[in-house]
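# Observations on the three-dimensional arrangement
What follows is each chain in one-letter form.
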Amino acid sequence: MRTERRRLLTVGGVALAVLGLGLGLTSHLMARDSYGAMPSLSGASTWLNSPPLDFAQLKGKVVLVDFWTWDCINCQRSLPHVNDWARRYADQGLVVVGVHTPEYDYEHDVDTLKRKVASLGIGYPVAVDNDHQVWNAWGNQFWPAHYFVDRQGQVRHVHFGEGDYSGQEKVIKALLDEQG
């Protein structure tokens, strides 16, 4: 039986009291050592820009898992920052993995998603999560949601919603600076 915990969550700059389950919900800069091991990405029905990824391929890398959906305005505003981080920090060991989990029925169309990924300039791997299996494995509840994973595979920071891009970039830099 899971224990329920109340946490303060920052979404788009607004502090909310929420009931946190699973990984726990917070947006504080590495508020604790770890939220636990990185959950599986294996529930994706297909992958764009990459063969399927799992922990073995990501071990030793800093990973940003970005839950998004193409018709979410908050995701659209966040994606340029995620794209920039993917390009700027790839050579230092950052791997960005997008998880496209649709909110609406029409967002399930993989051909449309492929066109959106291309038009948005997304070159990093995208897990197609039409059945919400990855979403559920991670206990996610928000679009966009950014999970920052260290080189040992531990989730170290979580950010929900838009904003605090400089803070999120500080998390990336801090995790990249840690010795593996």
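Note that the coordinates shown come from a computational prediction; the quantities given were computed from them, not determined experimentally. (Residues numbered from 1 in each chain as written. Predicted model: local features only at pLDDT ≥ 70, side-chain atom pairs only at ≥ 80, totals over all residues. Heavy atoms only, no water.)

With that settled, consider the packing of aromatic side chains. A complete count under the given rule lists ten aromatic pairs for this structure. Taken together, a centroid distance of 6.4 Å and an interplanar angle of 55° make the contact between Trp85 and Tyr165 tilted. Of this pair, Trp85 sits in helix α2 (residues 73-89) while Tyr165 sits in helix α5 (residues 165-177), placing them 80 residues apart in sequence. The burial state of Trp85 is the same as that of Tyr165; both residues are buried. These aromatic residues form a ring-pair network of at least three members: Phe67, Trp135, Trp138, Phe142, Trp143, Tyr147 and Phe160. (Phe/Tyr/Trp six-rings, centres within 6.5 Å; stacked < 30°, edge-to-face > 60°. Helix = DSSP H or I, 4+ residues; strand = E, 2+ residues; numbered from the N terminus. Buried < 20%, exposed > 50% of the residue type's maximum accessible area, 1.4 Å probe, protein only.)

Turning next to the pattern of salt bridges. Any two side chains of opposite charge can pair, so long as their charged atoms come close to each other. Inspection of the entire model under this criterion finds five salt bridges. Note that Glu162 and Arg77 form a salt bridge whose closest N and O atoms lie 3.3 Å from each other. Of this pair, Glu162 sits in the loop between β8 (155-160) and α5 while Arg77 is found in helix α2, placing the two residues 85 residues apart along the sequence. Here the salt bridges do not stand alone but share partners, grouping Asp84, Arg88 and Glu169 into one network. (Salt bridge = Lys/Arg side-chain N within 4 Å of Asp/Glu carboxyl O.)

So, about the side chain of Thr112. Among the secondary structure elements, Thr112 is positioned in helix α3 (residues 110-119). For Thr112, the side chain forms a polar contact with the side chain of Asp109, separated by 2.7 Å. (Polar contact = N/O pair within 3.5 Å; in protein donor to acceptor, adjacent residues only side chain to side chain.)

Let's shift gears to the confidence of the model for the chain. Per-residue confidence for the chain gives a mean pLDDT of 86; residues scoring 70 or more make up 81%. Low pLDDT, under 50, characterises residues 1-32; the stretch is placed with 75 contacts to residues that sit more than four places away or in other chains. (pLDDT = per-residue confidence, 0-100. Contact = heavy atoms within 4.5 Å.)

Within the fold, His108 resides in the loop between β5 (94-100) and α3. By relative accessible area, which is 29% here, His108 ends up partly exposed. The contacts of His108, once residues within four sequence positions are left out, are Pro102 and Asn130. A polar atom in the side chain of His108 sits 3.0 Å from the backbone oxygen of Asp105.

As a rule of thumb, nonpolar side chains are buried together in soluble globular proteins. By size, the foremost hydrophobic cluster in this structure holds 26 residues, and its most contacted members are Trp68, Trp85, Leu94 and Tyr124. At the level of secondary structure, the elements contributing two or more residues to this core comprise β4 (62-68), α2, β5, α3, β6 (126-128) and α5. At six residues, the largest contribution of residues to this core is made by α2. Other than its neighbours up to four places away in sequence, Trp68 contacts Cys75, Leu79, Gly98, Val99, His100, Thr101, Leu113, Val117, Leu120, Ile122, Val126 and Trp143. Residues Leu58, Phe67, Trp138 and Val155 belong to the second largest nonpolar core, which totals 23 residues. (Core = buried A, V, L, I, M, F, W, Y, C linked by side-chain atoms within 4.5 Å.)

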